Amino acid sequence: MSTRPILTALSRQRRRGDLVFAIVFLAFSLFLLANLGSQTVWKSSGKLVAQPRFWPAVSLGGMTLFALLHVLGSVSSPREQGRWREVLRWLRSLEFAGWFIAYAALVPIIGYLPSTLLVSVLLVLRCGYGDGRLILTTVGLGFAIVVIFRGVLQVKLPAGAIYDYLPDGIRQVFFIYF
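Rules and cut-offs
- Residues numbered from 1 in each chain as written.
- Predicted model: local features only at pLDDT ≥ 70, side-chain atom pairs only at ≥ 80, totals over all residues.
- Heavy atoms only, no water.
- Helix = DSSP H or I, 4+ residues; strand = E, 2+ residues; numbered from the N terminus.
- Expected span 1.5 Å × (residues − 1).
- Buried < 20%, exposed > 50% of the residue type's maximum accessible area, 1.4 Å probe, protein only.
- Contact = heavy atoms within 4.5 Å.
- Arc of directions from axis to C-beta.
- Phe/Tyr/Trp six-rings, centres within 6.5 Å; stacked < 30°, edge-to-face > 60°.

Attention now goes to helix 2 (residues 18-34). For helix 2, built from 17 residues, the straight-helix expectation of 24 Å at 1.5 Å per residue is met to within 8% by its first-to-last C-alpha distance of 24 Å. All of the buried residues in helix 2 are Asp18, Leu19, Val20, Ala22, Leu26 and Ser29. Against helix 4 (54-76) and helix 5 (83-92) lie the buried residues of helix 2.

What follows covers helix 6 (residues 94-110). Across its 17 residues, helix 6 extends 24 Å between first and last C-alpha, which sits within 8% of the 24 Å expected from 1.5 Å per residue. Among all positions in helix 6, only Tyr103, Val107 and Ile110 are buried. Relative to the axis of helix 6, the buried residues are bounded by an arc of 105° and lie together on one face. Seen from the open side of helix 6, the exposed residues pointing more than 90 degrees away from its buried face are Leu94 and Ile101. Considering only its buried residues, helix 6 is in contact with helix 7 (112-126).

This part covers the packing of aromatic side chains. Working definition: an aromatic ring pair is given by the centre-to-centre distance plus the angle between the planes. Evaluation of the coordinates by the stated rule reveals 3 aromatic pairs. With a centroid separation of 5.9 Å and an interplanar angle of 20°, the aromatic rings of Phe21 and Phe25 are classed as stacked. Taken together, the residues Phe21 and Phe25, both in helix 2 and 4 residues apart, mark about one turn of the helix. Between Phe54 and Trp55, the aromatic rings sit 4.7 Å apart at their centres with planes inclined by 80°, giving edge-to-face as the arrangement.

Remember that the coordinates give geometry; whether it matters functionally is a separate question.
See below:
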């Protein structure tokens, strides 16, 4: 069985953001390689392969070599329109990291249950699913997740500062389960 048709198909695929990715990856691997000396040690005695710096150096050297080859391959490939549009599409995914950071920041303030419900519903709306049934399903799933994690699995999460304003009997239930 020949691999030629597969390789030909792969070489014909569009590579719009490939050069940008290759440059960023090369810069990252060079950064890691440059910091190798401050992060690992070289002992004066012992075998070469037993040195703490040896295998990280081998792996980072290989990573840098292949990143350099990737850059060279990207530079020699034909340029296509839409390279920066592709890069912007990659950067748009960072929005969801922002959602997670906002969620993690909200939990100690308003509590696990309210922040889980709020962020999950906002994410469903952000993704364009405004159907009422879907929002109710999201609220139900968020509530089930909180009850399972806090109540059943006893996962220790910080209670919300807002829980201090609840009446005494309800406050204790919220501190334990929500």
